[in-house]
Amino acid sequence: MAEVEVDGRTARRDRNREAVLDAVLELFSEGNLAPSPDDVARRSGISLRSVYRYVADADGLIRDAIERHTERIAPLFLIDDIGEGPFGKRLKTFVDARLRGYEVIAPTARASRLRAPTNEIIRERLDHGRLMFRAQLERQFAPELDRLEPKVRRAVLAGADSLTQIETIDLYRHHRRYSSSETNEMLRTALRALLSQPY
């Protein structure tokens, strides 16, 4: 009987923690990139005391919410048969995947960048994500990059990487107000030019 009670408390604690983290993510999506524990308690319906029980501090709350969100959306960025097939198909697959993931991750990414200067763990996660995106780009367009002389390859990869990171896509979509289709077309056109591929 005692074991059942313990299991029930554990399940309730897990549900409450998930409700707290989901509340943080909802607040992100509405533009509140630095929600206070009070904001989270009101949104989640969990007591303020319990909110503090699940996370050590405000930065911990944000960090845990970002980790939960990252785990959920990671499959959106995956590319099947990476680096295989004709250039046009690889280009479309790459840009579509990057924009599909961006649309879901954008509010959380903004909150991450806001917290990064004062939170080493969030800063490290952002840097890790950027490196993963660069590696994905490099693998998808290896046939084109590997034909370049090393110095040129380095410059082209740096340019293509900067062009397709989440921060840059956010500049197009959120700040410049380009539509998703406009952004898609611009990215494809720019990548073609950088990788010296015919139109």
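This text follows the structure it describes.
Residues numbered from 1 in each chain as written. Predicted model: local features only at pLDDT ≥ 70, side-chain atom pairs only at ≥ 80, totals over all residues. Heavy atoms only, no water.

**Points about the layout of surface pockets**
- Roughly 700 Å³ of volume is contained in the largest pocket.
- Looking at the lining of the largest pocket, the elements that each hand over two or more residues are α4 (58-73), α5 (87-115), α6 (120-140) and α9 (166-175).
- It is α6 that provides the largest number of residues to the lining of the largest pocket, a total of 11 residues.
- Broken down by class, the residue content of the lining of the largest pocket amounts to 15 nonpolar, eight polar and five charged. (1 Å grid on protein atoms, 1.4 Å probe; cavity = no way out; pocket = protein on both sides within 12 Å on 5 of 7 lines; lining within 4 Å. Points joined across faces, edges and corners; volume = space filled by probe spheres on them. Helix = DSSP H or I, 4+ residues; strand = E, 2+ residues; numbered from the N terminus. Nonpolar A, V, L, I, M, F, W, Y, C, P; charged D, E, K, R; others polar.)

**A short note on unusual backbone geometry**
- Residue Asp-81 is not a glycine yet carries a positive backbone phi of 50°.
- Turning to its location among the elements, Asp-81 is positioned in the loop between α4 and α5.
- For Asp-81, a relative accessible area of 56% translates into the label exposed.
- Even without being a glycine, Arg-177 presents a positive backbone phi close to 65°.
- Position of Arg-177 relative to the elements: it lies in the loop between α9 and α10 (180-194).
- A residue is classified by how much of its surface remains accessible, and Arg-177, at 61% relative accessible area, is exposed. (Buried < 20%, exposed > 50% of the residue type's maximum accessible area, 1.4 Å probe, protein only.)

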